[in-house]
Amino acid sequence: MRFLAPISLLLLTLPVVSCSGRTADADSKNDDVIPKSELARKIKVTDIVVGEGEPMVEAYRVMIEYIGRFAGGEVSFDRNDTKDEKGKPTKPPFSVLIGSSGAIKGLEQGLVGMKKGGKRKIFIPWHLGYSTKGSPDGSIPPKSDLEFEVTLFDYVSVEDMASYDYEDIKVGSGRAIDQGDKI
C-alpha cells in the first residue's frame, strides 16, 4: 500500500500539469499566425514599361532600381534611384538572387516575368513583406502593405553567373586569389 500511494498521487497530478500546459498554449497569443483571409491576398503587378527580350524567371541574379512606399503613400521609406547634381546615381543598383531570400518575398515574386529595361509597380500585401514583425530597423511597422516601383536594369541566370570572361587590364602584385577567398 505504501508503494501505491505515491504512484496514485503522481498519476493524479500528471493530468493537471498536462492540462494546465495546454491551457497556457491555448491562451497565448501567436502573432506569427496569418489568417487565411490574409493569405488569399496576392501581389499585384502593373507594367509601366514592358522592356525587351526574354522575361526573367526564378534563379536569376537581378540588378534593379527601386522606390519603396507604404501602400497608397507618396513618401518613400527606401529608394536607390537618387541622382546627384550631374545626373549620376548616388547609390548602386540593388542586386538580388531571386529565390534566395535576399529581398522580401513579395518583391522577389513581383520581379519574376520582367524584361530588361522594364519598369513595374508591385503591390505587396503585408504577409509577403515584413509580416507580423516589421522591418529590423523599425522603419516599417508590422502588417504594412507596401508598393515598389522597380526598374530592371539587367539579369543573369545562375548558369551564366558561373562563366565570366575577364581580361587583366593591369596585373597587380602579391598573392593570386584562390577559389574560396573573400575579396
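Here the structure is a predicted model, which means the values were calculated and not measured. (Residues numbered from 1 in each chain as written. Predicted model: local features only at pLDDT ≥ 70, side-chain atom pairs only at ≥ 80, totals over all residues. Heavy atoms only, no water.)

(A) Expanded view of the nonpolar core. One finds Val 62, Ile 64, Leu 107, Leu 111, Ile 124, Phe 148 and Val 150 to be the most contacted residues of the largest nonpolar core, which totals 21 residues. Contributions of two or more residues to this core are made by strand E2 (60-70), helix H3 (105-111), strand E5 (119-124) and strand E6 (146-157). With residues up to four places along the chain from it excluded, the contact list for Val 150 reads Ile 64, Glu 65, Tyr 66, Leu 107, Leu 111, Met 114, Gly 118, Lys 119, Arg 120 and Ile 122. (Core = buried A, V, L, I, M, F, W, Y, C linked by side-chain atoms within 4.5 Å. Buried < 20%, exposed > 50% of the residue type's maximum accessible area, 1.4 Å probe, protein only. Helix = DSSP H or I, 4+ residues; strand = E, 2+ residues; numbered from the N terminus. Contact = heavy atoms within 4.5 Å.)

(B) Structural view of the packing of aromatic side chains. Taken as a whole, this structure holds five aromatic pairs when the rule is applied. Between Phe 70 and Phe 77 the ring centres are 5.2 Å apart and the planes differ by 50°, which places this aromatic pair in the tilted class. Phe 77 gets classed as partly exposed once you look at its relative accessible area, which sits at 22%. Residues Phe 77 and Phe 148 carry aromatic rings whose centres are separated by 5.9 Å and whose planes lie at 90° to one another, so their mutual orientation is edge-to-face. Linking Phe 77 in strand E3 (residues 76-79) with Phe 148 in strand E6, this pair joins segments that are 71 residues apart in sequence. By relative accessible area, which is 6% here, Phe 148 ends up buried. Joined through ring pairs, the aromatic side chains of Tyr 66, Phe 70, Phe 77, Phe 94 and Phe 148 make up one cluster. Lying across the ring of Tyr 155, Lys 116 places its NZ or CZ 5.1 Å from the centre. The ring of Trp 126 has Lys 143 lying over it, and the distance from NZ or CZ to the ring centre is 5.4 Å. (Phe/Tyr/Trp six-rings, centres within 6.5 Å; stacked < 30°, edge-to-face > 60°. Lys NZ or Arg CZ within 6 Å of the ring centre and 35° of its normal.)

(C) The arrangement of the pairing of E2 in detail. Counting buried positions along E2 yields eight of eleven residues, so the element is predominantly enclosed. Across eleven bridges, E2 lies against E6 in antiparallel orientation. When the bridges of E6 are listed, Tyr 66 appears paired with Val 150. Judged from the four bridges that link them, E2 and strand E4 (residues 94-97) form a sheet pairing that is antiparallel. Bridge assignment links Met 63 to a residue of E4, and that residue is Ser 95. Judged from the three bridges that link them, E2 and E3 form a sheet pairing that is antiparallel. Pairing of Ile 67 across the sheet is with Arg 79, part of E3. In this antiparallel pair of consecutive strands, E2 and E3, the connection spans five residues, and Gly 72 shows a positive phi of 80°. (Pairing = 2+ DSSP bridges.)

(D) Up close: the side chain of Ser 131. Mapping Ser 131 onto the fold places it in the loop between E5 and E6. Those residues in contact with Ser 131, other than ones at most four positions away along the chain, are Ile 34, Trp 126, Pro 142 and Lys 143.

(E) Representation of the confidence of the model for the protein. Taken as a whole, the protein shows an average pLDDT of 81; of its residues, 76% reach a score of 70 or greater. Model confidence for the protein, summarised as mean pLDDT per element, is weakest for helix H1 (residues 4-27) at 37 and strongest for E5 at 98. (pLDDT = per-residue confidence, 0-100.)

(F) The side chain of Glu 65, seen in detail. Note on placement: Glu 65 falls in strand E2. For Glu 65, a relative accessible area of 17% puts it in the buried group. Not counting the four nearest positions on each side in its chain, Glu 65 is found in contact with Asn 80, Asp 81, Lys 83, Glu 149, Val 150, Thr 151 and Phe 153.

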